[in-house]
Amino acid sequence: LVGLFGSATALAIEVMTGYRAVESMRNPVMEATSPSDFWGRRWNVAVHGALKRGVFKPVRRFSSSFVAALMAFIASGLFHEYLVHLTGMYNKEPRVADDIFCKALNTDYKPQLGSNMAFFVWNGVIMVVEKLLGRNRVMQSFGSTLPRFMVVFLTIMTALPLAHWFGNPYIKRGLLCDFQEGYLFVTKIE
């Protein structure tokens, strides 16, 4: 969704101004070769740059790169918790009762704060572990012998099992239903 929104915005900017915008996603799901490649070079590149300049580099001056990376993920977790608070903590007017496109919408749902933070802290820890294991010769040779599709699969599996920690507060509160009003969504009709 973020990639689609970023691509659509970039296209609109280019058409209206003639300036080419930097792509926000670099095919993270199909081409990431490690958690640090996924988060650092492919997923939401603009936010990565802001976190690197605003959190990682200042913390790195006084601490290790491991602590700086973890602090950047904590900052991202705090930002996303703020978004969950804004989108889900206030009562909204209920949508049409028989909205076939938004069956997941639950107007009584109150998101449990902390799930986005837990998701980002988990991914920060995964990146620290990746860097620590990457120094090991056995792990280096193991990673270089796997076929590329397995490396991509294993990379995605570091975050996917816990992705509900990130997505549920937005989905259950109907944020995607709100996006449907401005963007085309393909939805299964039962």
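Per chain, residue numbering runs from 1 following the sequence as it is written. Only residues with pLDDT of at least 70 get local features here, since the model is predicted, and only at 80 or more are side-chain atom pairs given and counted; chain-wide, interface and lining totals rely on the full set of residues. In computing side-chain values, all of the structure's heavy atoms are included and hydrogens and water are not.

*Asks:* Lay out the packing of helix α6 (residues 115-134) against helix α9 (residues 163-173) with the relevant residues and their values.
*Replies:* Axis geometry follows a simple rule: fit a line to the C-alpha atoms, using only the stretch in contact for helices, then measure angles between N-to-C directions, giving values from 0 to 180 degrees. Elements are defined by DSSP. Helices are runs of H or I of four residues or more, strands are runs of E of two residues or more, and each kind is numbered from the N terminus. In contact at an axis separation of 7 Å, α6 and α9 are set at 150 degrees when each is read in the N-to-C sense. One finds that α6 runs roughly antiparallel with respect to α9. At the point where α6 passes α9, the crossing takes the left-handed sense. Residues Ser115, Asn116, Ala118, Phe119 and Phe120 of α6 form the contact with α9, whose own contacting residues are Ala163, Trp165, Phe166, Pro169 and Tyr170. Each residue gets one of three labels, nonpolar for Ala, Val, Leu, Ile, Met, Phe, Trp, Tyr, Cys and Pro, charged for Asp, Glu, Lys and Arg, and polar for the others, Gly among them. When the residues that make up the contact of α6 with α9 are grouped by side-chain class, the tally is eight nonpolar, two polar and no charged. These descriptions rest on fixed angle ranges, namely under 35 degrees for roughly parallel, over 145 for roughly antiparallel, 65 to 115 for roughly perpendicular, and the rest for oblique. For any pair of crossing helices, the crossing counts as left-handed if the nearer helix is rotated counterclockwise from the farther one by less than a right angle, and right-handed if it is rotated clockwise. Working rule for contacts: check all heavy atoms of both residues, and any pair within 4.5 Å makes them a contact.

*Asks:* If you had to explain the pattern of salt bridges to someone new, which residues and values would you point to?
*Replies:* A carboxyl oxygen of Asp or Glu within 4 Å of a side-chain nitrogen of Lys or Arg is what we treat as a salt bridge. Applying the stated criterion to the full structure yields three salt bridges. Between Arg42 and Glu31 there is a salt bridge; the shortest N-O distance is 3.3 Å. Separated by eleven residues along the polypeptide, Arg42 in helix α3 (residues 35-42) and Glu31 in helix α2 (residues 28-31) bring together distant segments of the chain. Classification of residues uses two cut-offs on accessible area relative to the type maximum, computed with a 1.4 Å probe and protein chains only: under 20% is buried, over 50% is exposed, and between them is partly exposed. Classification of Arg42 as buried rests on a relative accessible area of 17%. Across the salt bridge formed by Arg42 and Asp37, the nearest N and O atoms sit 3.0 Å from each other. Overall, the relative accessible area of 6% leaves Asp37 in the buried class. When salt bridges that share partners are traced, they join Glu31, Asp37, Arg41 and Arg42 into one network.

*Asks:* Run through the environment of Ala72, naming residues and quoting values.
*Replies:* As for its placement among the helices and strands, Ala72 is situated in helix α5 (residues 65-88). Judged by relative accessible area, which is 11%, Ala72 ranks as buried. In this structure Ala72 touches Leu51 and Val55, once residues within four positions along its chain are discounted.

*Asks:* Can you break down empty space enclosed by the protein residue by residue, with the values?
*Replies:* Of the grid points, spaced at 1 Å and generated over the protein atoms alone, those admitting a 1.4 Å probe that cannot get out make up cavities, while open sets with protein on both sides within 12 Å along at least five of seven lines make up pockets; any residue with an atom within 4 Å of a point is treated as lining. Grid points are joined across faces, edges and corners, and a volume is the space filled by probe spheres set on the points. Under the criterion given, the structure shown has one cavity of 30 Å³ or more. Of the pockets and cavities examined, the largest cavity occupies roughly 30 Å³. For the largest cavity, the full set of lining residues is Pro35, Phe38, Trp39, Asn123, Thr155, Ile156, Thr158 and Ala159. Listed by contribution, the elements that provide at least two residues to the lining of the largest cavity are α3 and α8 (148-157). Looking at the lining of the largest cavity element by element, the count peaks at three residues for α3. For the lining of the largest cavity, a count of residues per class yields five nonpolar, three polar and no charged.

*Asks:* Residues and numbers for the layout of surface pockets, please.
*Replies:* Estimates place the volume of the second largest pocket at around 540 Å³. If you go around the second largest pocket, you meet 18 residues; those closest to its centre are Thr33, Ser34, Pro35, Glu130 and Met139. Elements supplying a minimum of two residues to the lining of the second largest pocket: α6, α7 (137-145) and α8. Residue composition of the lining of the second largest pocket, by class: nine nonpolar, eight polar and one charged.

*Asks:* How would you explain the packing of aromatic side chains if you had to name every residue and give the values?
*Replies:* What characterises a pair of aromatic rings is the spacing of the ring centres plus the angle enclosed by the ring planes. What counts as a ring pair is set by centres within 6.5 Å for rings of Phe, Tyr and Trp (its six-membered ring), and what kind of pair is set by the plane angle: stacked under 30 degrees, edge-to-face over 60, tilted for all other angles. As enumerated under the stated definition, the model contains nine aromatic pairs in all. Measuring from ring centre to ring centre gives 6.2 Å for Trp39 and Phe119, while their planes differ by 70 degrees; the resulting arrangement is edge-to-face. Here Trp39, found in helix α3, pairs with Phe119, found in helix α6; they are 80 residues apart in sequence, far enough to count as distant. Of the two residues, Trp39 and Phe119, both sit in the buried class. Judged by centre distance (5.8 Å) and plane angle (85 degrees), the rings of Phe120 and Phe166 are edge-to-face. With Phe120 in helix α6 and Phe166 in helix α9, the pair connects residues that are 46 residues apart, well separated along the chain. Overall, the relative accessible area of 27% leaves Phe166 in the partly exposed class. Through a chain of ring-to-ring contacts, the aromatic side chains of Phe38, Trp39, Trp43, Phe73, Phe119, Phe120 and Phe166 assemble into a single cluster.

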